[in-house]
Structure formats: C-alpha cells, structure tokens
Amino acid sequence: MEILIKASQFILSLSLLIVLHELGHFIPAKLFKTRVEKFYLFFDYKFSIFKKKIGDTVYGIGWIPLGGYVKISGMIDESMDTEQMALPPQPWEFRSKPAWQRLIIMLGGVFVNFVLGIFIYIMLMYSYGETFLPNENVKDGVWVQDSLAMNLGLKTGDKVLTIDGEKIKKFNELTLGFVNGNNFQIEREGQVIDKVIPEDFISQLVDRGKDAGVILLPRYPFVIGAVSADSPNVNSNLKPNDIVVSINGNAIKYFDEAKSPLDRFKNQDIKVTVKRGIETKDIPVKVTNEGKLGVSLGQLPAKDLERLGYYKLANIEYSFAEAIPAGWNKSVKTLTDYIKQLKKIFNPSTGAYKGLGGFISIGSIFPSEFSAESFWNITAFLSIMLGFMNLLPIPALDGGHVVFTLWEMITGKKPGDKFLEYAQVTGFILLIALLLFANGNDIFRLFN
C-alpha cells in the first residue's frame with residue numbers, strides 16, 4: 001500500500017507537470033498559427049491508451065510514462081519525421097516562422113515550469129506559512145552520533161555557524177548545506193574554528209544508504225519512551241515522557257550527557273531524578289553491565305520542548321502580499337541549490353554521480369501518507385528542476401533548440417536540416433544513456 005500511495009502521487013505530479021510543460025509549447029504555437037499535430041501525455045510508441053483528434057491535433061495518452069510531447073509541424077523533434085522535412089516548407093510549419101516566434105515556442109515549456117514552481121511556493125507560504133527550528137536557537141550545539149558527522153570534524157556541542165560564509169537560518173538545512181558547500185565554520189567552547197568539507201562528502205553520504213537517517217540532530221533531553229520487556233527496570237516507576245534530569249546526583253540536561261555517569265555506575269543500583277509534568281521524582285533503578293537503563297528514547301511535542309526551555313520553533317504566517325517574496329526566495333534557493341548539486345555530479349572526485357537517481361528515487365521522496373502540503377512542495381521542486389533540466393544546451397531538449405535558434409538570430413545563418421537531425425539523434429542518445437544510468441543507480445541501490 002505504501003508503494004502504491006507513493007507511486008500514485010508521483011504519477012499525478014509528473015502528469016500535471018508534463019501537461020502544463022507541453023501547454024507552454026502548445027499555446028504560443030497556436031497563437032503564431034503553427035500547426036500542432038499531436039499533444040501527448042507519455043510516449044505512444046506503436047500504440048496509445050487513448051487518442052482523439054480535434055481539429056488538426058491528435059490528443060492522447062501513451063503507454064510509456066517517460067514524459068510527454070507536442071509534435072509541431074515542420075520541426076525536427078523526438079518524432080524524427082524526416083519525410084515531412086523533405087517536403088517544401090508550408091506556411092503553417094514551425095520552420096517557416098520567424099526566429100523570434102520559434103524561440104518563444106521553444107521557451108514556453110520552461111517558462112511554464114518556472115512560473116508554476118514559483119506560484120506553488122507562493123501559495124504554500126500563504127496557506128501553511130513556515131514552521132522550523134532556527135539554527136540560532138540550537139544554543140547548546142549539535143548531537144553528533146553519526147560517523148559521517150565525525151568525519152566532518154564535528155563534536156557534540158559544536159554550533160555550526162556558516163557554510164561557505166553564509167549564515168545558516170534553518171537547522172534542517174545543514175545537511176543540504178554540507179552537500180552543496182566546500183567549507184564551514186563552527187563555534188566550539190567559545191572558539192570559532194574553520195573546517196573543510198571533504199570533496200567526497202556526497203559519496204560518503206550516499207554510501208550510508210537511504211535509511212541511515214540524518215547526520216546531525218539538535219541535542220535532545222533524555223525522555224523515556226518505553227521500558228523494554230527485558231529491562232531490569234521493567235517494574236520500576238519510570239513512565240513514558242519522564243525527563244531524566246539527574247543520574248545519582250549528576251545533573252544532566254541532554255541525553256548525550258547520560259553516558260558518562262551511567263558508565264560509572266554499571267551493574268549498580270542508583271537513583272535517577274525525573275521531571276514528570278510539574279513534579280520531580282527520585283526513582284530507584286538498576287544500571288546494566290553495559291551502562292544502560294533498558295529504555296528507549298522518547299519524543300516530546302514541540303510545545304513542551306519550548307515550555308521546558310530546550311528549543312523554540314519559529315512559526316511564520318504570511319499574508320498573500322508577504323507570501324509573494326517568500327515564495328520567490330524559496331524558488332531561487334531551490335534552483336541555486338539544484339545547480340550546485342548538478343555541478344558536483346559532473347565532478348567525478350565528489351562521487352556525487354552515485355546519488356543520481358531515476359524514477360524510483362523521485363517516487364520515493366513522496367510521503368507514504370498523502371499530505372497536500374508535502375505533495376505540492378515536491379511538485380514545486382520537480383517543476384523547477386524540470387524547467388532547468390530542459391534549459392540545458394543539449395540537442396533533443398528545449399535548451400538545444402534554443403541555442404540553435406539564438407545562433408540563427410545572431411549570425412543570420414540557419415542550421416541545416418541534416419545538422420539538426422544528427423544533433424537530435426546525438427542528444428537523444430545522450431538522454432537515453434543518462435536515463436539508463438540514473439535508473440541503473442536506483443536498481444543497484446534497491447538490491448544493495
């Protein structure tokens with residue numbers, strides 16, 4: 001069921017983005033009286049799931065869910081209709097239109113993707129606002145228990161100040177900051193220290209596996225989650241949501257501070273002091289020979305953490321006017337972060353290529369339970385990503401056609417049909433190779 005819910009959201013999001021992207025080509029083509037022969041969601045090699053001709057255009061749904069397309073008369077595209085191109089140009093064909101009109105038609109899909117992403121982010125800001133843990137509110141530093149964080153040179157209690165000289169606003173942006181960055185600055189015991197992010201950090205991050213969890217957490221109180229059935233304290237008075245504030249007279253504020261006193265009292269009967277609501281209680285417990293109490297770590301609601309003086313979340317609500325710049329800024333950050341990651345993928349020494357994913361990776365980022373906020377957040381991200389990818393100057397992508405059209409506008413020389421045909425084939429082969437590599441990565445990770 002979880003896979004079905006994720007897959008359904010992925011297909012719905014992808015279908016919406018494809019249809020709107022192709023509409024971005026379709027509408028200016030129609031405005032400039034250019035014939036559109038096909039408008040398809042997904043590819044229809046050999047047969048279609050559905051098709052209907054209205055006017056000059058066949059509207060349909062293909063069976064290969066790898067994208068979609070509009071087939072514009074007189075244009076060398078993925079259909080590779082060389083027979084049509086061998087005939088004399090007709091007034092309704094793409095190749096007969098002025099270069100500036102062809103440029104607008106080709107940029108239409110990318111324009112729609114960017115505008116859609118920005119619009120969704122604006123509406124999300126207006127509808128939901130933002131709730132996050134400000135990095136500056138993590139006053140006692142981070143909790144380091146992951147080997148990758150240790151490889152970065154971090155220790156529990158460090159405060160991460162900046163990455164690449166830019167102040168970190170939200171605590172949950174730290175990992176992405178390390179992915180995109182080259183160096184960072186911490187504060188440790190009042191001293192500011194500069195650190196370098198290893199070049200192969202992304203490779204190490206991918207090698208951990210998708211279920212390894214986050215690499216950094218804010219320091220967290222010792223909250224009793226549950227007492228395990230085989231714990232020596234199963235019959236003690238420890239209750240879920242008790243907060244351990246002292247171990248045999250040794251005051252602690254955070255869970256990581258419990259290790260040292262518990263190690264000192266291995267195999268001993270001691271007392272722990274817990275905070276339970278407004279009460280404070282001393283409870284006799286037994287420490288195991290591994291220095292444990294035999295309990296799991298629980299979680300407190302954010303309001304309780306704030307009330308007890310641990311962390312204060314930021315809750316920002318936006319009017320519609322305020323949501324516009326907030327949504328714009330999020331769109332710009334999403335795009336710049338994606339470009340930084342893409343640059344690292346093309347640098348083999350970073351190992352970032354190992355993190356390149358296909359349909360399984362994209363589908364897996366959707367939640368296992370439908371959430372409108374999450375769905376639209378991911379759709380906005382994918383829309384901006386799709387817009388940028390289509391702008392890349394690769395033949396067979398919109399960006400490749402844009403480059404050839406701009407060349408024509410600057411030099412006054414139009415590339416020959418044979419050249420465009422060979423370029424389209426080359427670009428198509430590159431895209432297929434990239435698609436196979438990305439989805440091959442997914443399959444490798446799935447079975448490894």
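Quick look at the structure, then.

Scoring rules and cut-offs
- Residues numbered from 1 in each chain as written.
- Predicted model: local features only at pLDDT ≥ 70, side-chain atom pairs only at ≥ 80, totals over all residues.
- Heavy atoms only, no water.
- Helix = DSSP H or I, 4+ residues; strand = E, 2+ residues; numbered from the N terminus.
- Rg over C-alpha atoms; globule rule 2.2 N^0.38 Å.
- Contact = heavy atoms within 4.5 Å.
- Core = buried A, V, L, I, M, F, W, Y, C linked by side-chain atoms within 4.5 Å.
- Buried < 20%, exposed > 50% of the residue type's maximum accessible area, 1.4 Å probe, protein only.
- Pairing = 2+ DSSP bridges.
- Salt bridge = Lys/Arg side-chain N within 4 Å of Asp/Glu carboxyl O.
- Axes fitted to C-alpha atoms, helices over the stretch in contact; angles between N-to-C directions.
- Parallel < 35°, antiparallel > 145°, perpendicular 65-115°, else oblique.
- Left-handed = near helix turned anticlockwise from the far one by under 90°.
- Nonpolar A, V, L, I, M, F, W, Y, C, P; charged D, E, K, R; others polar.
- Patch = residues over 30% accessible without salt bridge, like charges linked within 9 Å, V, L, I, M, F, W, Y side chains within 5 Å.
- Areas by Shrake-Rupley, 256 points an atom, 1.4 Å probe, with all protein chains shown as cover.
- Expected span 1.5 Å × (residues − 1).
- Bend = angle between axes of the 7 residues up to and from the residue.
- Phe/Tyr/Trp six-rings, centres within 6.5 Å; stacked < 30°, edge-to-face > 60°.

1. What about the overall build of the protein chain?
1) Next: Secondary structure assignment for the protein chain yields 13 helices and 16 strands.
2) Next: Computed over its C-alpha atoms, the radius of gyration of the protein chain comes to 28 Å, more than 25% above the 22 Å expected for a compact globule of 448 residues.
3) Next: Counting only C-alpha atoms and orienting by the principal axes, one finds that the protein chain spans roughly 95 × 50 × 45 Å.
4) Next: In the protein chain, the proportion of contacts linking residues at least 24 apart, taken out of those at least 6 apart, comes to 64%.

2. A short note on the nonpolar core
1) Next: Ranked by internal contacts, the top residues of the largest apolar core, which has 32 residues, are L152, L154, L174, F178, F184, F201 and L216.
2) Next: Taken together, the elements giving at least two residues each to this core come down to α4 (147-151), β5 (159-163), α5 (174-180), β7 (183-188) and α6 (201-207).
3) Next: Counting residues per element, this core draws most heavily on α5, which supplies three residues.
4) Next: Counting residues in each nonpolar core, the second largest holds 18 residues, with Y121, L124, Y338 and F366 among its members.

3. Some thoughts on the sheet that holds strand β8 (residues 191-196)
1) Next: If you trace the four strands from one edge of the open sheet to the other, you get β6-β5-β7-β8, paired in antiparallel fashion. Only two strands of the sheet have a single neighbouring strand rather than two, namely β6 (166-167) and β8.
2) Next: In terms of strand pairing, β5 meets β6 through two bridges, oriented antiparallel. Bridge pairing in β6 links T162 to K167.

4. What to know about the pattern of salt bridges
1) Next: The final tally for this structure, using the stated rule, is 18 salt bridges.
2) Next: The salt bridge partner of K159 is E187, with a shortest N-O separation of 4.0 Å. Pair noted here: K159 is in strand β5 and E187 is in strand β7, with a separation of 28 residues, a long-range link.
3) Next: Judged by relative accessible area, which is 28%, K159 ranks as partly exposed.
4) Next: The class for E187 is partly exposed, based on a relative accessible area of 25%.

5. Looking at the packing of helix α9 (residues 320-345) against helix α11 (residues 372-391)
1) Next: At a closest axis distance of 10 Å, the pairing of α9 and α11 adopts a crossing angle of 55 degrees. Taken together, α9 and α11 sit at an angle that is classed as oblique. The two elements α9 and α11 meet at a crossing, and its hand is right-handed. Every residue of α11 that contacts α9 at K330, S331, T334, L335, Y338, I339 and L342 is listed here: N377, F381, I384, M385, F388 and M389.
2) Next: In terms of residue class, the contact of α9 with α11 is made up of nine nonpolar, three polar and one charged.

6. Quick look at a nonpolar patch on the surface
1) Next: A cluster of nonpolar side chains, contributed by Y45, F47, I49, F50, I61 and W63, occupies part of the molecular surface with about 660 Å² of accessible area.
2) Next: Mapped by element, the contributors of at least two residues to the nonpolar patch are β1 (36-54) and β2 (57-72).
3) Next: Following the sequence through the fold, Y45 ends up in strand β1.
4) Next: Overall, the relative accessible area of 54% leaves Y45 in the exposed class.

7. Quick look at the environment of S13
1) Next: The topology assignment puts S13 in helix α1 (residues 2-31).
2) Next: For S13, a relative accessible area of 0% translates into the label buried.
3) Next: In the structure, S13 is positioned 163 residues away from L176 in sequence and 23 Å away in space, judged by C-alpha atoms.
4) Next: Among residues more than four places away in sequence, those in contact with S13 are F366, F375, T379 and L382.

8. Let's talk about unusual backbone geometry
1) Next: Positive phi values are uncommon outside glycine, yet K33 reaches one of about 55 degrees.
2) Next: By the secondary structure assignment, K33 is in the loop between α1 and β1.
3) Next: By relative accessible area, K33 is classed as exposed at 67%.
4) Next: With phi around 60 degrees, N267 is a residue other than glycine that occupies positive phi space.

9. Quick word on α9
1) Next: For α9, which comprises 26 residues, the first-to-last C-alpha distance of 37 Å matches the rise-based estimate of 38 Å (1.5 Å per residue) to within 8%.
2) Next: Here α9 has its buried residues at A323, A326, G327, S331, T334, D337, Y338, L342 and K344.
3) Next: Of the surrounding elements, those touching the buried residues of α9 are α3 (99-128), α5, α6 and α11.

10. Describing α3
1) Next: Compared with an ideal rise of 1.5 Å per residue, which puts 30 residues at 44 Å, α3 spans 43 Å between its outermost C-alpha atoms and is within 8% of the ideal.
2) Next: Along its length, α3 reaches its greatest deviation from straightness, about 40 degrees, at G108.
3) Next: In the stretch just after α3, G129 is the one whose phi turns positive, near 70 degrees.

11. A look at the packing of aromatic side chains
1) Next: Per the stated rule, a full pass over the model turns up 19 aromatic pairs.
2) Next: Their ring planes at 50 degrees and their centres at 6.4 Å tell us that F10 and F366 sit as a pair that is tilted. Remark: F366 occurs in the loop between α10 (359-364) and α11 and F10 occurs in helix α1; sequence separation between them is 356 residues. By the burial criterion, F10 is buried, and F366 matches it.
3) Next: When the centroid spacing of 5.9 Å and the interplanar angle of 70 degrees are considered together, the rings of Y254 and Y310 count as edge-to-face.

Worth remembering: the numbers are spatial, not functional.
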